[in-house]
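Now for the letters of each chain:
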Amino acid sequence: MNFRVYEVASALAQEYGVPAAHVAAIIEVESAGVYDPCSIRFEGHYLYRLLSGAARDRAVAVGLAHPKAGRVKNPRSMSARYKMLDRAIAIDRDAAIESTSWGVGQVMGAHWQRLGFASADALRREALSGLEGQARLMMRYVRVFGLLDELSTGAWSPFARGYNGPGYRANRYDEKMAAAARRYGGQVASADGMLRMGAKGARVRELQGLLARAGYAVRVDGDFGPTTRSAVRAFQRSRNLSVDGVAGPETLRSLSALKVSPEENVGKASLTDIPHVEPVAGAIGGAATIGGLKDSIEAAAGQIGALAGYSSVFETAASGLVAVAGLIGVAAAGYAAWQWIRSNRTFEGVSA
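Fair warning: this is a prediction, and the values are worked out from it, not measured in the lab. (Residues numbered from 1 in each chain as written. Predicted model: local features only at pLDDT ≥ 70, side-chain atom pairs only at ≥ 80, totals over all residues. Heavy atoms only, no water.)

What follows deals with the overall build of the protein. If you tally the helices and strands in the protein, you get 16 helices and 3 strands. For the protein, the residues scored as buried account for 45% of the 352 residues in total. Surface summary for the protein: the accessible area is close to 17300 Å², and the carbon and sulfur share equals 54%. (Helix = DSSP H or I, 4+ residues; strand = E, 2+ residues; numbered from the N terminus. Buried < 20%, exposed > 50% of the residue type's maximum accessible area, 1.4 Å probe, protein only. Areas by Shrake-Rupley, 256 points an atom, 1.4 Å probe, with all protein chains shown as cover.)

The next thing to look at is the nonpolar core. Grouped together as the largest cluster of nonpolar side chains are 61 residues, with contacts concentrated most on Leu-47, Trp-102, Met-139, Leu-151, Trp-156 and Phe-159. Per-element tally for this core: the top contributor is helix H2 (residues 20-31), with 8 residues. The next biggest cluster of nonpolar side chains, apart from the first, holds 18 residues, and it includes Phe-3, Val-218, Phe-235 and Leu-255. (Core = buried A, V, L, I, M, F, W, Y, C linked by side-chain atoms within 4.5 Å.)

Moving on: the pattern of salt bridges. Scanning the entire structure with this criterion turns up 13 salt bridges. Here Arg-183 ties to Glu-28 by a salt bridge, and the two come within 2.2 Å at their closest N and O atoms. Pair noted here: Arg-183 is in helix H11 (residues 173-183) and Glu-28 is in helix H2, with a separation of 155 residues, a long-range link. With relative accessibility at 39%, the residue Arg-183 sits in the partly exposed group. Looking at Glu-28, the relative accessible area reads 19%, which means it is buried. One salt bridge connects Arg-213 with Glu-264, and the closest N-O pair in it is separated by 2.9 Å. You can see Arg-213 sitting in helix H12 (residues 202-213) and its partner Glu-264 sitting in the loop between helix H14 (249-256) and helix H15 (278-305), a full 51 residues away along the chain. Across the pair, exposure class does not vary: Arg-213 and Glu-264 are buried alike. Connected via shared salt-bridge partners are Arg-4, Glu-7, Glu-132, Glu-250 and Arg-253. (Salt bridge = Lys/Arg side-chain N within 4 Å of Asp/Glu carboxyl O.)

Of all 9 residues making up helix H7 (residues 120-128), 7 are buried, and the element is well covered by its neighbours. Buried positions along H7 lie against helix H6 (93-98), strand S2 (100-102), strand S3 (107-108) and helix H8 (131-144). Positive phi shows up at Gly-130, right after H7, with a value of about 130°. (Contact = heavy atoms within 4.5 Å.)

Turning our eyes to something else, we now look at the layout of surface pockets. Put simply, the largest pocket is a space of about 740 Å³. Taken together, 26 residues make up the lining of the largest pocket; nearest its centre are Glu-30, Arg-41, Glu-43, Gln-106 and Tyr-173. Of all the secondary structure elements, the ones that give two or more residues to the lining of the largest pocket are H2, strand S1 (40-42), helix H3 (44-50), helix H5 (78-91), S3 and helix H10 (156-164). When residues in the lining of the largest pocket are grouped by element, the largest group, 3 residues, is from H2. Considered class by class, the residues forming the lining of the largest pocket number 12 nonpolar, 10 polar and 4 charged. (1 Å grid on protein atoms, 1.4 Å probe; cavity = no way out; pocket = protein on both sides within 12 Å on 5 of 7 lines; lining within 4 Å. Points joined across faces, edges and corners; volume = space filled by probe spheres on them. Nonpolar A, V, L, I, M, F, W, Y, C, P; charged D, E, K, R; others polar.)

Moving on to unusual backbone geometry. Although it is not a glycine, Gln-106 adopts a positive phi angle of roughly 50°. Mapped onto the elements, Gln-106 comes out in the loop between S2 and S3. In this structure, Arg-172 takes a positive phi of about 55° despite not being glycine.

Strands sit in the order S1-S2-S3 across an open sheet of 3 strands; the sheet is antiparallel. Every interior strand has two partners, whereas the edge strands, S1 and S3, have only one. In the sheet, S1 pairs with S2 via 3 bridges, with the strands oriented antiparallel. Each residue of the ladder has a partner; that of Arg-41, found in S2, is Ser-101. Strands in contact with H5 are S1 and S2; relative to S1, the strand with the most contacts, it is inclined by about 50°. (Pairing = 2+ DSSP bridges. Axes fitted to C-alpha atoms, helices over the stretch in contact; angles between N-to-C directions.)

With 14 residues, H5 extends 20 Å between its outermost C-alpha atoms, agreeing within 8% with the 20 Å of an ideal straight helix rising 1.5 Å per residue. Of the positions making up H5, those classed as buried are Met-78, Arg-81, Met-84, Leu-85, Ala-88 and Ile-91. End-on view of H5: buried residues confined to an arc of 115°, all on one side of the axis. The exposed residues of H5 that point more than 90 degrees off its buried face are Lys-83 and Ala-90. Where H5 is buried, its residues touch S1, H3, helix H4 (53-61), H6 and S2. (Expected span 1.5 Å × (residues − 1). Arc of directions from axis to C-beta.)

Next up on the list: the packing of H2 against H11. One can describe the packing of H2 onto H11 by two numbers: an axis separation of 8 Å at closest approach and a directional angle of 130°. Put simply, H2 runs oblique to H11. For the element pair H2 and H11, the recorded crossing hand is right-handed. Packed against H2, whose contacting residues are Ala-21, His-22, Ala-25, Ile-26, Glu-28, Val-29 and Glu-30, the element H11 presents Tyr-173, Lys-176, Met-177, Ala-180, Ala-181 and Arg-183 at the interface. Classifying every residue of the contact of H2 with H11 by side-chain character gives 8 nonpolar, 1 polar and 4 charged. (Parallel < 35°, antiparallel > 145°, perpendicular 65-115°, else oblique. Left-handed = near helix turned anticlockwise from the far one by under 90°.)

What follows covers the packing of aromatic side chains. Under the definition given, this model contains 6 aromatic pairs. Here the aromatic rings of Tyr-6 and Tyr-184 are separated by 5.9 Å at their centres, their planes lie at 10°, and the arrangement is stacked. Here Tyr-184 lies in the loop between H11 and H12 and Tyr-6 lies in helix H1 (residues 3-16), a separation of 178 residues in the sequence. Note on accessibility: Tyr-6 and Tyr-184 belong to one class, buried. Ring plane angle 20° and centroid distance 4.1 Å describe the contact between Tyr-141 and Phe-145, whose orientation is recorded as stacked. Residue Tyr-141 is classed as buried on the basis of its relative accessible area, which comes to 10%. (Phe/Tyr/Trp six-rings, centres within 6.5 Å; stacked < 30°, edge-to-face > 60°.)

Honestly, it's all geometry; don't read function into it.
Now the structure itself:
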């Protein structure tokens, strides 16, 4: 999975009220993994229909237009495709842009007016603005063409039929989207795109793999349970993030910095295969356990504190628990430091 894609998908998922995993699935399948530069595909049969007279004759003569779909072949490289587009623009700018599909959603420029753009060139500029712009363009298409319900429920066959046309089965778009959705968590992922207790799947495995790489003793099993939540809270605390035990965009972005490369699939590795884990896993794992106890005490203090208006006894008890939680926090830091020092010493007691 690609955290960058999921981050963009999460923002759009909130706006449209659909699962982020499903938005990410469309991006992945439609883009074939090409996000930058903006992927384009030139359709010569569109240009043929949009032109007439001498302009059409010229486009046909130079191999840019044909009455039948598929007769004008796209070069393999994206740079060559842009050169082809430039040649078409030299004949008729608007017709060339309308004859091109744009971005991760492969949205045809010919839809600019229906999608609410002021011009075909405005659609082009949105697509060229980056991955976010391409994804926004894609979701405009999904909404305008009435496919939000299918996207929301993961009804991939009817969605692919509406999005990709009647030939979707030949290219197995529905199967590819369903598989991609499962990789991103599918129906398990919450609509806000965050990972929390109860989530399962490939995205959880990647989260756990990155937590393990950060030094937290979590099992990479794809099941977001109490141990994973404690590790997430400990990581958030260490990075001065909001400590809620939920892996949202900020937490995932911070963790993704630990990847060797953006394409690395950390979730496929076992705990012992992940570099830099074994020397510190015990130390930080113990600290995470203590941190979990601290969090539990803080939660209890909050609940008791809510009753302070009924009796001063509750207020005193809550204050006492907060103080205990603070001491436990100091103990967690000390424990981690002590274990780290031990792990970096030789048998003779000299630092390695």
